[in-house]
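# Structural characterization, general
So the chains spell out like this:
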2 protein chains.
Amino acid sequence: MDINAVKQAIRDVPDFPKPGILFKDITTAIKNPEIVSFLSKHIADYYRNKGINKVAGIESRGFIFGSILALQLNAGFIPVRKPGKLPAETLKKTYSLEYGEDAVEIHKDAINPGDIVLLHDDLLATGGTALAALELLQELGAKKVYTNFLIELEFLKGIERLKEYTEVYSLIKY
Amino acid sequence: MDINAVKQAIRDVPDFPKPGILFKDITTAIKNPEIVSFLSKHIADYYRNKGINKVAGIESRGFIFGSILALQLNAGFIPVRKPGKLPAETLKKTYSLEYGEDAVEIHKDAINPGDIVLLHDDLLATGGTALAALELLQELGAKKVYTNFLIELEFLKGIERLKEYTEVYSLIKY
């Protein structure tokens, strides 16, 4: 098992969620236990010995390996969610989309000043969601934030918006 | 670390998501790495040696330990999602709520006939969502489905709707 085998197991779905978009579907990869195991170890190994004590996963697909990475790195798991989903007091960040805007929230008590956080999502597209999540983590006092994606769509240049604030590692690039 | 310590770390949030409901918030528990580690091992140990080869997690909170359990049990991970979220061909099941209805979907190629599946969600309330997910798994040919919840709200009697079709294990009961 290697990254190339994972890449081959990812399914291309044309015109999802809207016409003209070629969606990278990881479900065909992660139904294979060997891929779950390989990705878990590979990403966790990359982030060991960095003092990470919290892993923040972005709803919903970011919960999948976010929680696994929390376990593997002996860190706590923090959900970053869409507005209205977290029950206690939150901090919210709105960001622009191509048409309109969206927002993410985090519980105010999710991060302690000085925390070293790994922010995880499955996909880096334009970087808007990750940047908003990163800002929330920083506002709550995170000392350092590393950012990981399973997949990076390089042609959308999301990395340009993030690299000033966080070290990004993406496994698979298109 | 034991189940009682996990129970004490779960936060009660009154009137969420609507007035009169006392929400059981696991985020205060799972930001503690010892709890993530304890729950992962405890639940996985319970399900070892049952031949489970797929773990299905129900969106969104069911993805958190669903994916961890897939890793721990050397199984594939299958997302059960709200309508319109899965990109490829799906099977959909509609179920009744107190007011109105809701639905869940699964990819048609998620399950192979003969699969032994662990269905996981964070919370068992009335059991409507889990029952719909269970029916999807069975329609796709799962040979046996075990069902696990972190929390069971016993007074809602969800277990009565499920126990005929699946063996249920819930860690924490209220």
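The structure contained in this document is the topic of the report that follows. Position numbers for residues count from 1 along each chain, tracking the sequence in the order it is written. Each chain takes a letter, starting from A, and each ligand takes a number, starting from 1, following the order in which they are written. Only residues with pLDDT of at least 70 are given local features in this predicted model, and only at 80 or more are side-chain atom pairs given and counted; all residues enter the totals for whole chains, interfaces and linings. In computing side-chain properties, one takes all heavy atoms of the structure into account and sets aside hydrogens as well as water.

### A short note on the interface of chain A and chain B
Reports often express the size of an interface as the amount of accessible area lost when the parts come together. Where we set the bar: By definition in these notes, contact holds between two residues if any of their heavy atoms fall within 4.5 Å. Here's the idea: put two parts together, see how much 1.4 Å probe accessible area each one loses, and the total over both is what we call buried area. When a carboxyl oxygen of Asp or Glu is within 4 Å of a side-chain nitrogen of Lys or Arg, the pair counts as a salt bridge. Two N or O atoms count as a polar contact when they lie within 3.5 Å, although within protein this holds only if one can serve as hydrogen donor and the other as acceptor, and sequence-adjacent residues are included solely when both atoms are side-chain atoms. In this text, helices come from DSSP runs of H or I with a minimum length of four residues, and strands from runs of E with a minimum of two, each type numbered from the N-terminal end. Amino acid classes used here: Ala, Val, Leu, Ile, Met, Phe, Trp, Tyr, Cys and Pro are nonpolar; Asp, Glu, Lys and Arg are charged; the rest, including Gly, are polar.
Listed as interface residues are 39 residues of chain A and, on the opposing side, 39 residues of chain B. Both sides together, the interface formed by chain A and chain B hides about 3,000 Å², and carbon and sulfur atoms give 63% of it. Area buried by chain A at its contact with chain B is led by A:Lys31, A:Leu71 and A:Pro87, which between them contribute 21% of it. Along the contact surface separating chain A from chain B lie two salt bridges. Residue B:Arg11 is joined to A:Asp109 by a salt bridge in which the shortest nitrogen-to-oxygen separation is 2.7 Å. If you look at where chain A meets chain B, you find 15 residue pairs in polar contact (both at pLDDT 80 or more). Elements that contribute at least two residues to the side of chain A that touches chain B include exactly strand 1 (11-14), strand 2 (22-25), helix 2 (27-30), helix 3 (33-47), helix 4 (62-72) and strand 4 (76-80) of chain A. Here the element with the most residues in the side of chain A that touches chain B is helix 4 of chain A; it accounts for six residues. Class assignment for the residues of the side of chain A that touches chain B results in 18 nonpolar, 12 polar and nine charged.

### A few points about the sheet that holds strand 7 (residues 116-124) of chain A
The pairing of strands in a sheet comes from backbone hydrogen bonds and takes either a parallel or an antiparallel form. Residues and elements named next belong to chain A. For the record, the criterion: For two strands to pair, DSSP has to find at least two bridges joining them. The axes used here are C-alpha line fits, helices contributing only the stretch in contact, and every angle between their N-to-C directions lies in the interval 0 to 180 degrees.
Strands sit in the order 4-3-7-8-9 across an open sheet of five strands; the sheet is parallel. If you trace the sheet from one side to the other, it starts and ends with strand 4 and strand 9 (167-173), each paired once. Within this sheet the neighbouring strands show an average axis-to-axis angle of 20°, counted without direction. Bridge count for strand 3 (residues 54-58) against strand 4 is five bridges, and the pairing is parallel. Bridging from a neighbouring strand, Gly-57 pairs with Pro-79 of strand 4.

### Here we look at helix 3 of chain A
All names here are of chain A. Put simply, the test is: Expected helix span is given by 1.5 Å per residue-to-residue step, counting one fewer step than there are residues. Here's how the labels work: a residue is buried when its accessible area is under 20% of the maximum for its type, exposed when over 50%, partly exposed in between, all with a 1.4 Å probe on protein chains only.
Across its 15 residues, helix 3 extends 22 Å between first and last C-alpha, which sits within 8% of the 21 Å expected from 1.5 Å per residue. Along helix 3, the positions that sit buried rather than exposed are Ile-35, Val-36, Phe-38, Leu-39, Ser-40, Ile-43, Ala-44 and Tyr-47. Measuring from the side-chain oxygen of the N-cap residue of helix 3 to the backbone nitrogen of Glu-34 gives 2.8 Å; that N-cap residue is Asn-32. Where helix 3 ends, the next residue or the one after it, Asn-49, has phi of about 60°, a positive value.

### Description of the sheet that holds strand 7 (residues 116-124) of chain B
Residue and element names in this part refer to chain B. Pairing in this open sheet of five strands is parallel, and the strands run 4-3-7-8-9 from one edge to the other. Two strands in the sheet have a free side with no partner beyond their single neighbour: strand 4 (76-80) and strand 9 (167-173). Ignoring which end each strand starts from, the neighbouring axes of this sheet average 20° apart. Alignment of strand 8 (residues 144-152) against strand 9, held across six bridges, turns out to be parallel. Each residue of the ladder has a partner; that of Ile-151, found in strand 9, is Ile-172. Most of the contacts of helix 5 (residues 128-139) go to strand 7, to which it runs at about 170°, and overall it touches strand 3 (54-58), strand 4, strand 7 and strand 8.

### Here's the deal with the pattern of salt bridges
Residues and elements named next belong to chain B. Applying the stated criterion across every chain, the model contains 28 salt bridges over all chains. The closest approach of N and O atoms between Lys-54 and Asp-115, which form a salt bridge, is 2.5 Å. Here Asp-115 lies in the loop between strand 6 (101-107) and strand 7 and Lys-54 lies in strand 3, a separation of 61 residues in the sequence. As far as the burial class goes, Lys-54 and Asp-115 line up, both buried. For Lys-85, the salt bridge is made with Glu-59, and the minimal N-O distance between the two is 3.2 Å. In this pair, Lys-85 is assigned in the loop between strand 4 and strand 5 (90-96) and Glu-59 in the loop between strand 3 and helix 4 (62-72), connecting sequence segments 26 residues apart.

### Quick word on helix 5 of chain B
Residue and element names in this part refer to chain B. Given a rise of 1.5 Å per residue, 12 residues ought to cover 16 Å, and the 17 Å separating the end C-alpha atoms of helix 5 matches this to within 8%. Among all positions of helix 5, only Gly-128, Ala-130, Leu-131, Ala-132, Ala-133, Leu-134, Leu-136 and Leu-137 are buried. Gly-141 occupies a position one or two residues after helix 5 and carries a positive phi of about 105°.

### Overview of the nonpolar core
Keep this limit in mind: Each nonpolar core is a collection of buried residues, namely Ala, Val, Leu, Ile, Met, Phe, Trp, Tyr and Cys, held together in the definition by side-chain atoms within 4.5 Å.
Among the nonpolar cores identified, the biggest contains 66 residues, and A:Ile52 and B:Ile52 are the most heavily contacted of them. With near-sequence residues (within four places) excluded, B:Ile52 lies in contact with B:Tyr47, B:Leu73, B:Ala75, B:Ile116, B:Val117, B:Leu118 and B:Tyr146.

### Some remarks on the packing of helix 3 of chain A against helix 4 of chain A
Residue and element names in this part refer to chain A. Basically, it comes down to this: With respect to orientation, any angle under 35 degrees is reported as roughly parallel, any angle over 145 as roughly antiparallel, any angle of 65 to 115 as roughly perpendicular, and every other angle as oblique. It is the rotation of the near helix from the far one that decides the hand of a crossing: anticlockwise by less than a right angle makes it left-handed, clockwise makes it right-handed.
Between helix 3 and helix 4, the least distance of the axes is 10 Å, while the angle of their chain directions is 60°. One finds that helix 3 runs oblique with respect to helix 4. Like other packed secondary-structure pairs, helix 3 and helix 4 cross with a definite hand, here right-handed. Along the contact surface, helix 3 presents Val-36, Leu-39, Ser-40, Lys-41, Ile-43 and Ala-44, while helix 4 presents Phe-65, Ile-68, Leu-69 and Gln-72. Across the contact of helix 3 with helix 4, the residue classes break down as seven nonpolar, two polar and one charged.

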